[in-house]
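Chain by chain, the residues:
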Amino acid sequence: MKKLLKLTTLAIALAAIAIRGQAQDTVKVGVLHSLSGTMAISETSLRDMLLFAFDQINAAGGIKVGDKMYKIEPVVVDGASNWPLFAEKAKELLEQDHVAVVFGCWTSVSRKSVLPVFEKDDGLLFYPVQFEGEEQSENVVYTAEAVNQQAIPAVDYLLAQGVKKFYLLGTDYVYPRTTNLILYKYLLAHGVSPEDIGGGFDKDDSGKVISAGKYVPFGYTDFQQIVADIKQFAAGGDACVINTINGDSNVPFFKEIVAAGLTPDECPIVSFSLAEDELRSIPTKNLVGELGCWSYFMSLKTPENKDFLAKWNAWLQTEDYPGVVKEHRVVDSPMELSYDGVYLWKEAVEKAGSFDVDAVRKVLDSGDISFDGPSGKITVQPNQYTTKNVYIGTTLANGQFEIIKQFPQVVGEPWMLKKLDTELAAQGK
Amino acid sequence: MKLVSKPLFWWLGVLLCLKVDAAPAPSSGVEGTNVVRQELAQAILSNGAEQQELLDKLADTGSTLASDVLDAWTMQEVYLYVAPDGSSVPVMLESQQDAEGRSRAIRIDDGQFLKDATGKELRFGESDLNPASTDMRLRRAIQHALDMLALSDPDPDARYAAVDKLGNSQNESYILLLQGRLAKEKNAQVKKGIKEAIATLQLGDTNPAVQMAAVKQLATLNSIGSLDNLNQLAANTNNSPQLAKAIQSAIGSINDHIWWVNFYGTIFHGISLGSVLLLVALGLAITFGLMGIINMAHGEMIAVGAYTTYVIQNIFGSGFGFNITLPFSIMGKPIAFGLNLPGLNATGWFYQSYFLFAIPLSFLTAALVGLLLERTIIQFLYRRPLESLLATWGVSLALQQIFRMVFGANNVQVNSPNWLLGHYTVDDVSFDYNRIFVIGFVILIVIGTWLLLAKTRLGLLIRAVMQNRSMASCMGVRTTRVNMLTFAFGSGLAGLAGAFLSQIGNVGPSMGQTYIVDSFMTVVVGGVGNIIGTVYSALGIGTADQVLQQLTGSPVTGKIVVLVCIILFLQWKPSGLFTIRSRSLD
């Protein structure tokens with residue numbers, strides 16, 4: 001009797017193990033964003049879009065590796081707008097959860113905090129938010145807009161429209177300072193003289209310009225002097241403002257601009273950190289006619305975009321993840337690039353036949369991985385930046401953009417400062 | 001004969017003079033309007049040089065219809081209807097919509113409603129038609145035509161802006177046009193603008209005598225906008241030495257003028273920043289200064305006022321509603337409650353007056369919240385500053401979370417009423433209307449507060465309670481009631497500050513945190529216990545901040561220097577600018 005009992009238990013246990021072994025195969029994928037703190041307003045939308053992308057892939061069967069279909073199991077962690085915590089959470093994702101890939105980060109400082117972790121543990125990060133370049137790591141795939149995919153096309157457009165004077169203004173941290181320095185060198189190389197570049201310069205001891213433009217801290221609200229300065233700068237006509245202010249400081253800035261009577265036709269302002277998501281909380285009637293430059297606008301009239309938006313809205317109604325807001329949602333470029341990143345990774349994995357980071361990286365660097373997303377075709381370059389379309393739009397009163405110019409398939413370039421220094425040296429400046 | 005015809009001739013003469021004085025009459029008669037309509041429709045459909053020619057023609061007509069259509073074109077309100085035969089018809093949509101939100105289309109070429117083959121009027125929703133596209137270059141060309149048309153606009157601001165743009169266009173053919181306009185112009189500001197524009201355009205003349213006269217004129221007018229052109233001219237190597245000297249002296253004189261403009265501008269900015277500081281600090285001066293309560297929730301009172309303004313704006317508009325679901329449930333039932341206020345859908349001047357209603361309501365709402373706070377928490381904490389600090393900090397966190405739940409974590413949009421937009425310019429120094437309004441209102445509030453404290457019975461009681469609470473209580477003063485009213489008054493002032501700050505800055509759940517430190521700083525520097533100290537310290541800190549910002553060129557360095565000076569000042573005078581000397585021990 002006892003022996004029979006033992007044998008039965010053993011049989012049941014073995015059967016259970018066998019059944020478990022035939023359960024659904026899943027792959028763990030990390031999502032590393034700030035879901036609380038000051039960046040939560042921007043980053044929670046990226047988490048929502050990633051969950052949407054994962055659900056779409058799972059509904060279509062999953063990722064095919066070998067002859068098995070793997071469903072994506074998201075592991076969502078909260079960086080809480082705390083940069084050292086980002087590094088800790090990255091470590092947790094790579095070393096404890098053993099995720100195959102991480103989609104995350106928004107601010108450049110969060111990316112720089114997690115970079116050593118990814119390099120040490122040889123993880124893979126897909127980074128979707130416009131940034132200043134000057135970085136190239138084999139552990140990061142930059143689906144984001146590099147400077148030459150956002151700032152430079154906008155400046156080219158303004159130069160072509162006859163603008164001669166550029167006032168540089170931004171928040172005081174690495175992204176605006178680096179971008180403005182790149183733009184300063186770019187403008188010099190294109191014949192704009194330093195007197196026509198406004199905002200002030202910081203020079204080092206040898207007189208070389210190390211920073212160009214006017215910078216304000218995060219959360220700054222008193223723009224009276226700066227707008228008076230801009231007004232004098234623009235008094236002679238043919239001037240524009242390059243605005244890299246981040247966060248809600250944009251609200252008092254634009255209110256002051258409107259109060260001073262500066263219209264977009266007199267002095268256009270091109271903002272690099274304002275997309276449809278941020279425009280939900282800025283009085284947009286102050287912004288009608290101002291410019292934005294991204295690799296995706298929600299108002300793109302392509303069939304892929306229409307289809308994408310329809311599926312996104314349908315998913316929002318039916319999903320039940322905690323914390324996802326259902327009403328008044330818009331889609332902007334960082335969200336769309338997060339979505340593209342997921343599909344690019346899926347394609348690379350399926351081509352490589354494995355989730356192993358080395359194998360996936362090899363396929364990504366071959367230059368063959370591309371995806372026809374809502375913004376058009378996006379291809380991963382051998383240096384792990386991405387080639388994509390770039391659009392310039394003007395703001396409409398409803399917080400959307402009207403697309404006025406398109407630059408198709410712009411190749412992302414990481415090292416603009418060195419390139420421009422060489423160009424300037426060749427010109428003798 | 002002569003006696004009869006003299007008054008007749010006189011009247012005819014008057015009529016003729018009137019006609020000459022009036023703005024260039026629009027193409028009179030139906031025929032003229034039709035020609036303008038045809039030209040407009042053609043301009044919309046063509047491109048390149050032909051389009052530019054048509055726009056130039058339209059600019060000469062002086063037609064208000066042309067102004068309206070061209071304006072609509074830049075605002076994406078001109079649409080292209082593709083007829084069944086493939087041709088494009090430019091149309092505009094009428095503002096009236098039917099039940100399904102569709103409106104009839106007005107053809108631009110003949111002013112009639114767009115009809116289909118059977119003669120039925122077609123109706124379109126906004127997204128059914130594609131707007132006639134414009135790029136920046138075309139918008140500039142249209143704006144140019146609008147500027148020419150605006151030269152005769154009834155609004156002097158529009159005329160000034162038009163004149164300014166023509167002056168910067170470097171197109172000498174406008175000189176005659178501007179000189180013609182100068183003869184008819186009555187407004188002094190616009191006249192100055194026209195003279196500047198003419199002189200700027202004459203800088204490009206080949207005749208050196210004309211150039212010399214233009215340079216001298218620009219120096220006399222102190223025209224800041226012409227600096228770029230003067231610098232460009234100075235770089236020209238074949239100027240005569242007199243011309244070169246005249247240019248340098250003109251540039252020098254304009255730069256001096258800019259220095260004075262910045263000087264007065266900085267003083268005005270300093271006063272306006274000081275008035276904002278005073279606004280946020282006055283309420284705290286009363287609660288902290290007069291009652292000795294460290295109220296860390298003061299910033300949230302400001303936010304209450306700002307959110308009240310937002311709610312009033314929405315009530316005047318399309319309505320306001322919110323819905324809160326608590327994260328826990330009682331007996332399996334989730335707790336949710338919400339509110340839905342219908343909007344008044346006001347338009348025009350009634351809508352623009354919402355701010356005047358918002359001001360007293362912000363005061364009352366914040367006062368009520370302050371009252372509630374005082375009755376429930378503060379009244380137990382009068383002699384315990386550390387506990388009051390901690391408790392009010394907790395309240396501030398709770399209030400911030402309530403704002404997040406009711407209004408959302410994002411900032412909310414509060415639009416300025418149109419009578420607060422714009423600015424007043426005196427000799428190139430511009431004074432924003434909303435800043436002037438804030439300064440004016442702050443003066444009223446300070447006077448009102450002083451009157452309350454110095455001249456009314458309540459003020460007498462407040463001062464008595466402040467000086468010696470127990471003695472006042474012995475004299476029969478109902479100290480609890482006085483405390484309540486004082487705290488409510490201080491909070492109400494914070495609410496007023498919030499209403500004004502919603503016009504200048506952000507409105508979000510954590511907006512209070514931006515102002516709390518500055519408020520305490522202002523009150524402490526001014527001297528705890530009196531209002532006049534707060535006034536002086538607010539104005540002083542505001543002006544010092546702006547002056548230093550102007551001198552150092554960096555917004556942050558200025559603030560740092562001001563803070564260091566405050567620290568040093570407090571070492572020298574720890575009780576602030578104006579101290580209250582009293583014999584009481586506490």
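No experiment lies behind these values; they were computed from the predicted model shown.

*Asks:* I'd like to hear about the environment of B:Phe288, residue by residue, with values.
*Replies:* All names here are of chain B. Along the chain, phenylalanine 288 falls in helix H11 (residues 241–291). Classification of phenylalanine 288 by C-beta neighbours within 10 Å gives buried; the count is 23. Each C-alpha atom of the pair phenylalanine 288 and asparagine 340 lies 37 Å from the other, and the pair is 52 residues apart in sequence. When residues no more than four places from it in sequence are discounted, the contact partners of phenylalanine 288 are Ile293, Ile294, Asn295, Val523 and Val528.

*Asks:* Please give an account of the domain arrangement of chain B that cites residues and values.
*Replies:* The assigned domain composition of chain B is domain 1 (32–137), domain 2 (151–239) and domain 3 (262–572). For domain 2 of chain B versus domain 3 of chain B, the separation of C-alpha centres amounts to 47 Å.

*Asks:* Can you break down helix H22 (residues 555–572) of chain B residue by residue, with the values?
*Replies:* Helical geometry note: an α-helix holds 3.6 residues per turn, so side chains three or four residues apart project in the same direction. Residue and element names in this part refer to chain B. With 18 residues, H22 extends 27 Å between its outermost C-alpha atoms, agreeing within 8% with the 26 Å of an ideal straight helix rising 1.5 Å per residue. Within H22, the full set of buried residues consists of Pro555, Gly558 and Val562. Seen along its axis, H22 keeps its buried residues to an arc of 70 degrees; they face one direction. Away from its buried face by more than 90 degrees, H22 exposes Ile560, Val564, Ile567, Leu568 and Gln571.

*Asks:* Provide a residue-level description of the packing of helix H6 (residues 156–167) of chain B against helix H8 (residues 188–202) of chain B, including the pertinent values.
*Replies:* Residue and element names in this part refer to chain B. Two numbers describe how H6 lies on H8: the axes approach to 8 Å, and their chain directions differ by 10 degrees. On the basis of the axis angle, H6 is roughly parallel to H8. Together, Pro156, Arg159, Tyr160, Val163, Asp164, Leu166 and Gly167 of H6 and Gln189, Val190, Gly193, Ile194, Glu196, Ala197, Thr200 and Leu201 of H8 make up the contact between the two elements. Residue composition of the contact of H6 with H8, by class: eight nonpolar, four polar and three charged.

*Asks:* Explain unusual backbone geometry residue by residue, including any values.
*Replies:* Residues and elements named next belong to chain A. Positive phi, normally seen in glycine, also occurs at aspartate 122, with a value near 50 degrees. Tracing the sequence through the fold places aspartate 122 in the loop between helix H4 (108–121) and strand E5 (125–127). Its 13 C-beta neighbours within 10 Å are what place aspartate 122 among the partly exposed residues. One non-glycine residue, aspartate 238, lies in the positive phi region at around 60 degrees. For aspartate 238, the position within the fold is in the loop between helix H7 (224–233) and strand E12 (239–244).

Basis of the calculations
Residues numbered from 1 in each chain as written. Chains lettered and ligands numbered in written order. Predicted model: local features only at pLDDT ≥ 70, side-chain atom pairs only at ≥ 80, totals over all residues. Helix = DSSP H or I, 4+ residues; strand = E, 2+ residues; numbered from the N terminus. Buried ≥ 20, exposed ≤ 12 C-beta atoms within 10 Å, placed from the backbone. Contact = placed C-beta atoms within 7 Å. Domains from an automatic or database assignment. Expected span 1.5 Å × (residues − 1). Arc of directions from axis to C-beta. Axes fitted to C-alpha atoms, helices over the stretch in contact; angles between N-to-C directions. Parallel < 35°, antiparallel > 145°, perpendicular 65-115°, else oblique. Nonpolar A, V, L, I, M, F, W, Y, C, P; charged D, E, K, R; others polar.

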